[in-house]
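Each chain, letter by letter, is given below.
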Amino acid sequence: MNVPANLFYTKEHEWAKIDGKTATVGITDHAQHALGDITFVECPPAGKAVKQFDRYSTVESVKAASDVYAPVSGKVIKVNEELKTKPELVNQSPYERGFFACIEMSDPAEKAKLMDSQAYAAYVKELEK
Amino acid sequence: MNPLELKTTPLIEEHQRLGAKLAPFGGWLMPIQYEGIIAEHAWTRSMCSVFDICHMGEFLVDGDPVQNGLDKVLTGNVSAMAAGTCRYGFMLNEEGGIIDDVIAYRLTKDAWMLVVNAATTDGDEAHLRKHLLPAARLRNISAETAKLDVQGPRSEEILKTMFGREIGKLDYYGFGFFPVCGERNIISRTGYTGERGYEIYVSAGKVNDLWAMLLENKDVKPAGLGARDTLRLEMCYPLYGQDIDSRTGPEEAGLLKFVDLNKDFIGKEQLLQKHRAGIPRKLVCFAAESRRAPRHNYTIHADGRKIGVVTSGSFSPSLTCGIGMGYVDKAFAEAGSRFVLKENTVEIPATVVSKPLYKKGTART
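Cut-off values and rules
- Residues numbered from 1 in each chain as written.
- Chains lettered and ligands numbered in written order.
- Predicted model: local features only at pLDDT ≥ 70, side-chain atom pairs only at ≥ 80, totals over all residues.
- Heavy atoms only, no water.
- Helix = DSSP H or I, 4+ residues; strand = E, 2+ residues; numbered from the N terminus.
- Rg over C-alpha atoms; globule rule 2.2 N^0.38 Å.
- Buried < 20%, exposed > 50% of the residue type's maximum accessible area, 1.4 Å probe, protein only.
- Contact = heavy atoms within 4.5 Å.
- Buried area = accessible area lost by both parts, 1.4 Å probe.
- Salt bridge = Lys/Arg side-chain N within 4 Å of Asp/Glu carboxyl O.
- Polar contact = N/O pair within 3.5 Å; in protein donor to acceptor, adjacent residues only side chain to side chain.
- Nonpolar A, V, L, I, M, F, W, Y, C, P; charged D, E, K, R; others polar.
- Arc of directions from axis to C-beta.
- Axes fitted to C-alpha atoms, helices over the stretch in contact; angles between N-to-C directions.
- Parallel < 35°, antiparallel > 145°, perpendicular 65-115°, else oblique.
- Left-handed = near helix turned anticlockwise from the far one by under 90°.
- Phe/Tyr/Trp six-rings, centres within 6.5 Å; stacked < 30°, edge-to-face > 60°.
- Domains from an automatic or database assignment.
- Patch = residues over 30% accessible without salt bridge, like charges linked within 9 Å, V, L, I, M, F, W, Y side chains within 5 Å.
- Areas by Shrake-Rupley, 256 points an atom, 1.4 Å probe, with all protein chains shown as cover.
- Lys, Arg positive; Asp, Glu negative; His and termini not counted.
- Charge placed at Lys NZ, Arg CZ, Asp CG, Glu CD.
- Pairing = 2+ DSSP bridges.

A. Structural context of the overall build of chain A. Helix and strand content of chain A: three helices and nine strands. Along its sequence from the N terminus, chain A presents helices and strands in the succession β-β-β-α-β-β-β-β-β-α-β-α. Taking 2.2 N^0.38 as the reference for a compact globule, 129 residues should give roughly 14 Å; the C-alpha atoms of chain A span a radius of gyration of 13 Å, in line with that estimate. With the principal axes as the frame, chain A shows a C-alpha extent of 35 × 35 × 20 Å. Residue burial in chain A is summarised as follows: out of 129 residues, 50% are buried.

B. Layout of the interface of chain B and chain A. The partner chain A presents 19 residues to the 14 residues of chain B that form the contact. In total, about 1,300 Å² of surface goes out of reach between chain B and chain A, with carbon and sulfur atoms giving 46% of it. Among the residues of chain B in contact with chain A, Arg291, Arg292 and Arg295 of chain B are the three that bury the most area, contributing 49% of the side total. For the pair chain B and chain A, the interface holds three salt bridges. Two residues, Glu60 of chain A and Arg295 of chain B, come together in a salt bridge whose shortest N-O distance is 3.3 Å. For the pair chain B and chain A, the number of links is 13 residue pairs in polar contact (both at pLDDT 80 or more). Elements that contribute at least two residues to the side of chain B that touches chain A include exactly α2 (37–46), α8 (225–234) and β17 (305–316) of chain B. Partitioning the side of chain B that touches chain A into residue classes produces five nonpolar, four polar and five charged.

C. Focus on helix α7 (residues 207–215) of chain B. Three or more residues of α7 of chain B are buried, namely Val207, Leu210, Trp211, Leu214 and Leu215 of chain B. The buried residues of α7 of chain B occupy one face: seen down the axis, they fall within an arc of 125 degrees.

D. Structural detail: the packing of α2 of chain B against α8 of chain B. Residue and element names in this part refer to chain B. At a minimum axis separation of 8 Å, α2 and α8 run at an interaxial angle of 55 degrees. As summarised for this structure, α2 and α8 are arranged oblique, according to the angle between their axes. For the pair α2 and α8, the sense of crossing is right-handed. Together, Ile37, Glu40, His41, Thr44 and Arg45 of α2 and Gly226, Ala227, Thr230, Leu231 and Glu234 of α8 make up the contact between the two elements.

E. Region of the structure containing the packing of aromatic side chains. All names here are of chain A. By the definition in use, this model includes 12 aromatic pairs over all chains. Note on Tyr9 and Tyr120: the rings are 4.5 Å apart at their centroids and 5 degrees apart in plane angle, and the pair reads as stacked. In this pair, Tyr9 is assigned in strand β1 (residues 8–9) and Tyr120 in helix α3 (residues 117–127), connecting sequence segments 111 residues apart. Residue Tyr9 is classed as buried on the basis of its relative accessible area, which comes to 0%.

F. Summary view of the domain arrangement of chain B. All names here are of chain B. When the domains of chain B are assigned, the result is domain 1 (3–54 + 143–234), domain 2 (57–140) and domain 3 (280–365). Distance between the C-alpha centres of domain 1 and domain 2: 24 Å. Between domain 1 and domain 2, roughly 1,100 Å² of surface is buried when both sides are summed, and carbon and sulfur atoms account for 62% of that area. Broken down residue by residue, the surface that domain 1 buries against domain 2 is led by Tyr173, Phe175 and Tyr201, which jointly contribute 49%. Scanning the region where domain 1 abuts domain 2 turns up zero salt bridges. Where domain 1 packs against domain 2, one counts four residue pairs in polar contact (both at pLDDT 80 or more). Elements that contribute at least two residues to the side of domain 1 that touches domain 2 include exactly β10 (145–151), β11 (175–180), β12 (183–188) and β13 (197–203). Per-class residue counts for the side of domain 1 that touches domain 2 are six nonpolar, five polar and three charged.

G. Main features of helix α5 (residues 121–131) of chain B. Residues and elements named next belong to chain B. Every buried residue belonging to α5 is among Thr121, Asp124, Glu125, His127 and Leu128, and all of these are buried. Taken around the axis of α5, the buried residues stretch over an arc of 165 degrees, which confines them to a single face. Turned more than 90 degrees off the buried face of α5, the exposed positions are Asp122 and Lys130.

H. Quick peek at unusual backbone geometry. Residue and element names in this part refer to chain B. Here the residue pair Lys355 and Pro356 is connected by a cis peptide bond, since its omega of 0 degrees sits within 30 degrees of zero. Checked against the element boundaries, Pro356 lands in the segment after β20 (346–353). Although it is not a glycine, Asp303 adopts a positive phi angle of roughly 50 degrees. Among the structural elements, Asp303 can be located in the loop between β16 (299–302) and β17. Backbone geometry places Asn344, a non-glycine residue, at a positive phi of 50 degrees.

I. Representation of a positive patch on the surface in the model. There is a patch of like positive charges on the surface, built from Lys257, Lys282, Lys355 and Arg364 of chain B. Mapped onto the elements of the fold, Arg364 of chain B is located in the segment after β20.

J. Representation of the sheet that holds β10 of chain B within the structure. All names here are of chain B. Taken together, six strands build an open sheet; the order of strands is β11-β12-β13-β10-β4-β14 and the sheet is mixed. Lying at the two open borders of the sheet, with one neighbouring strand each, are β11 and β14 (220–222). Going across the sheet, the axis of each strand differs from the next one's by a mean of 30 degrees, ignoring polarity. In the sheet, β11 pairs with β12 via six bridges, with the strands oriented antiparallel. Residue pairing across strands places Gly176 opposite Ile187, the latter belonging to β12. Along the sheet, α2 makes contact with β4 (48–52), β10 and β14, crossing β4 at roughly 120 degrees.

Structure (structure tokens):
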């Protein structure tokens, strides 16, 4: 399982790459693997406000639809338009081309509520026991 | 790994070795996928896949079907079947509801095999024991009988090299006895995918040999119940327990062609009564206008009111859109009829399509 060192993670298997006030967000390698083939991603439109740990997106696999929660609060400033026609990018490249959106963070201190890569890797290992 | 005391097939270790995702289905721990549902689906539509279907139930019945009661238990005209053919049909309850969907194999003039769903096997056995005469000598052979489904356009050519050229002579819904793993076993030209395909019955002790033999051919890949479900849904084949059950009848499910109204059978009176009264709802298949998939129990709306409910829904790998089946008010059952599938804030526009949804299947070619 791939857990990049420079990202932050939630218990619901979302990641955030924090660069100044901007967080790029998506779902983790563990999540895409558990879901299987991703067939549809619904992201909120640019401009929409999202709240940390609240549902902001839905991801569908062949078998089921799952809620996706925001790792940080703020305003959506960009969505990954490529996922509309190529949702399989979430499987192929969960941390790069398969990102969901970019969020302008309203409270950078929220970072403290996320796990770092070591904590997340340990958390997933525990779940898989 | 197995907290629910699920039954396992003789191939369970093989599935684990192949890295399959396992999940409960009909009381069994079954492989849902290996490589991925979409890849396995595409391989079945274009090449050849093998499915472990050991969970399904099998019964043997002796005698003339009119005299032993079998003709009254099944909706199809089994008396007219030739030996070496099989036929799809139903067992109905007294209310005309579907107890199970069944494939009957006429082995000889006086010997039958019935193939039923896993979750319903025990109930089916009770129903059969109640209605068949003792002379039928009903035997439940589910535990010692294994089944592998070999499905895909390449299946005929592959099975010919393994079991002989006679495989090529089987008609759709025909079967024969072939030398398989040192036994004389049934291979039928049947399946649940819409592609040219076969079902191979083998004793449970030999199924690992057969599985390995099939996978030695690099054009054959394992596929799980996930792909089996998307393949059957594209063909609009009903799944028992989901699209049809004891509260639904063949008339509203659009399956009357598997019911012979010229003979007597259990549930016939209620079925005719419902038919005469007019069937208020019908099972339809539909395609969504986007990749978003409807799911079981989403509600169906049109003209500002609820007109039905989704029974099966999925993303269609072949059509790359959401597809499904559901019961709708008769007025909305015609091909081309449009409605919206809903759950909470999700709204998916969809259109009724005449079945099957996927029209390029090779099953009958």
